[in-house]
Structure formats: C-alpha cells, structure tokens
Amino acid sequence: MKRIYYITLVIGCILTLGSCRKEDNPKLPDLTRVPVPLLTLKQGSTLIIEDNAAKDDFKSTFDVSLYYPDDTKPQKYDIVVARNGDYEDVKTYQSGLTALPSTIEVTTEKLAQLFGMNMSELIPGTYFEVRSSFTLADGTVIPAFNTLGETYGTDLNNLPGSNLSLKYQIVCALDLSVFTGQFDLLDANGFWEEDYVVTLTPEGTDKLRLSGFLGDPSASFLIEVDRVNRTVTVPKQIYAPGEYLFGYHNFAIAGKGEIDACNNKITFNGAYSVDEGNFGSYPVRLVKK
C-alpha cells in the first residue's frame, strides 16, 4: 500500500524536474538505443518437459528475432542458459550468431551436458532459462542475465507479443482442480507490501477467478491458464472500478507468468495501472494454503 504513496511522490518530483535539459547538466550520459530480442517458439514445440521416459529425447525449436524489426541489428549474439535461477553460472549454448531471424534447437541432452548433469538429475522443479546476449556494433555487450536485476526492465515483458526469455522446465502432472480454494498471496515485498488470503474459483475453460485482491472481497480478476505450456496470462482488467483509493480511478492489472503443479503455485509479473498513470510491475505469488 505504501507503494502508492511513494509513486505519487516520485510523479511529483518528475513533474518538478521535467523542464531540465541535457545542456543544463553536461554530466548526463548519452543514451544508447539497445535492440530488444524476441524469442518465439516454433509451432509444435513446447517449453514443458514431462517427467517421464520421453524426456531423454526431448527437442524444441525457437526463432530469435528483434521485437522492433527496424532496430539496428547487433554485431553478433550468443544464446545462453541459466539453471534454476542461478545467474552467476550462465552457460553459452550457442555463440557467435549473426543472422536475424535464426532458428535454434534445444535438447535435454545438451542442456544436461552444459551443466555437467546426467539425465536422471533432470527432476521436477529443475528449469533452464534461455536468453540472448547481444554485442553491439561498438563492442558493448548487453548481457542476457544480470545479478542486479533485469537487463531490459520488467515492463518489456508486458508488451504485446514480447518474449525476452524461454523457460524450459521439468514438470509434474497438472490437475487444475487443485488450483481452487484459498491461496496465500505473498505480497510483503511487492505492490501492496502485505501478505493476505485470496480465493481461486474455476470460471469457464482453463480460467480461474481470483477474488479478494488487495484484501478487498469485491476486487477480482481472471487468470487464463495454458495447460500445454504451463503458463498463465492476466489480460488487462479493472479489478476496482471508479474512484478507489487516493483519488485514483479504475485500478487495473495485467501480466504473464507460470503455473507450478509440483508446488501448487501460480506466479506472474503484474503491471499495475490506473486511469491517471502506471505504478510499475511487481511479482504476484499465489501458494495453496
């Protein structure tokens, strides 16, 4: 809740400083336009690796291109992989690529070899994040992973059709009926800065309604579930219509994330907005009580 106070204060500061020009402060650095990668799964491919005998022969392909096709192409780029969120141990899957678009094939055999694993170690809960690292024409390297935060900023993930990363994961069988009832929404470090309980109920095919958002029984929105790819989408929706808090109107949320059948969790990156502007993006984490 305190985020709203902070963001309101920041907006006021920006308005105050809005008339500043670069020539007024020669120490301001030049801005560099950075191309935004777009990773797109090929039709018939999946990111989901079922924990069964077929996982040894798993193959998937994806295309690498630019989200903004007119952007200047990088000098070269590498396809790199991180395992289980460890961004200090990033491996190079394929290096020195120049063609855009291009097609990359991913296999469990090569993923395991990259990290010195055998196939029996690819157990549910193991996941591999695949991204591209760009080298610009002047030699500047734009890393795919950054231990200090997102390289490109979280808001790019919510652009229509954007995809900076592909997450290949070993998963358990999914029973969507488990994802009903009460869930803890862990938001102490997020937008509302408090943990609280919400309720999930089925609504239509592969859709769940979340009720009790922000601790308000009347605040709700739909979560769409992609069973094949184990992902979730929250299309932009108004969960609090009209004037709701602090003079702001029509509180809305949008986001993309995933559903974890092994641990009965749903997580997504939520972009919060009102008619008057945006509050930014924060993780939303739901865990079965």
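Everything below is about the structure printed above this text.
In short, a report on the structure. Just so it is clear, the model here is predicted, and its values are computed rather than measured.

1. Section: the sheet that holds strand E6 (residues 102-107)
Inference 1: Pairing is antiparallel in the open sheet, where three strands are placed in the order E1-E3-E6. Looking at the sheet topology across the chains shown, the edges are occupied by strand E1 (37-41) and E6. Strand-to-strand twist across the sheet, computed as the mean angle between neighbouring axes with direction ignored, equals 30°.
Inference 2: Where E1 meets strand E3 (residues 59-66), five bridges bridge the pair, whose relative direction is antiparallel. Looking at E3, one finds that Leu38 is bridged to Ser65.

2. Brief notes about the packing of aromatic side chains
Each pair of aromatic rings is reported with the distance of its centres and the angle of its planes.
Inference 1: Within the structure shown, the criterion is met by 20 aromatic pairs.
Inference 2: Here the aromatic rings of Phe221 and Phe268 are separated by 6.3 Å at their centres, their planes lie at 85°, and the arrangement is edge-to-face. Here the residue Phe221 occupies a position in strand E13 (residues 220-226), and Phe268 occupies one in strand E16 (residues 265-274), the gap between them amounting to 47 residues. Across this residue pair, the class does not change: Phe221 and Phe268 are buried.
Inference 3: Clustering of aromatic rings is evident, with ring pairs tying together Phe191, Trp192, Phe213, Phe221, Tyr239, Tyr244, Tyr248, Phe251, Phe268, Tyr272, Phe279 and Tyr282.
Inference 4: Across the ring face of Tyr93, the terminal group of Lys110 is positioned such that the distance to the ring centre comes to 4.2 Å.
Inference 5: In this structure, Arg131 is placed above the aromatic ring of Tyr87, and the distance from its NZ or CZ to the ring centre is 5.9 Å.

3. Thoughts on the nonpolar core
Looking at soluble globular proteins, one finds that nonpolar side chains tend to be buried together.
Inference 1: Leu210, Phe213, Phe221, Tyr239, Ile253, Ile266 and Tyr272 are the most contacted members of the largest nonpolar core, which totals 36 residues.
Inference 2: Those elements that place two or more of their residues in this core are strand E10 (181-186), strand E11 (196-202), strand E12 (207-211), E13, strand E14 (231-243), strand E15 (249-260), E16 and strand E17 (277-288).
Inference 3: Setting aside its immediate chain neighbours within four residues, Tyr272 contacts Phe191, Phe213, Tyr239, Ala252, Ile253, Asn278, Phe279, Gly280, Tyr282 and Val284.
Inference 4: If you look at the next biggest cluster of nonpolar residues, it comprises 29 residues, including Phe62, Leu66, Met119 and Phe128.

4. Comments concerning unusual backbone geometry
Inference 1: Each neighbour pair has its own omega, and for Leu100 with Pro101 the value is 0°, a cis peptide bond.
Inference 2: Turning to its location among the elements, Pro101 is positioned in the loop between strand E5 (86-97) and E6.
Inference 3: With a phi angle near 60°, Glu193 is a residue other than glycine that sits in the positive phi range.
Inference 4: In this structure, Asn250 takes a positive phi of about 55° despite not being glycine.

5. Details of the side chain of Asn229
Inference 1: Within the secondary structure, Asn229 sits in the loop between E13 and E14.
Inference 2: With a relative accessible area of 19%, Asn229 lands in the buried category.
Inference 3: A polar atom in the side chain of Asn229 sits 3.1 Å from the side chain of Asp226.
Inference 4: Apart from residues lying up to four places away in sequence, Asn229 is in contact with Leu41, Thr46, Leu47 and Ile48.

The rules behind the values
Residues numbered from 1 in each chain as written. Predicted model: local features only at pLDDT ≥ 70, side-chain atom pairs only at ≥ 80, totals over all residues. Heavy atoms only, no water. Pairing = 2+ DSSP bridges. Helix = DSSP H or I, 4+ residues; strand = E, 2+ residues; numbered from the N terminus. Axes fitted to C-alpha atoms, helices over the stretch in contact; angles between N-to-C directions. Phe/Tyr/Trp six-rings, centres within 6.5 Å; stacked < 30°, edge-to-face > 60°. Buried < 20%, exposed > 50% of the residue type's maximum accessible area, 1.4 Å probe, protein only. Lys NZ or Arg CZ within 6 Å of the ring centre and 35° of its normal. Core = buried A, V, L, I, M, F, W, Y, C linked by side-chain atoms within 4.5 Å. Contact = heavy atoms within 4.5 Å. Polar contact = N/O pair within 3.5 Å; in protein donor to acceptor, adjacent residues only side chain to side chain.

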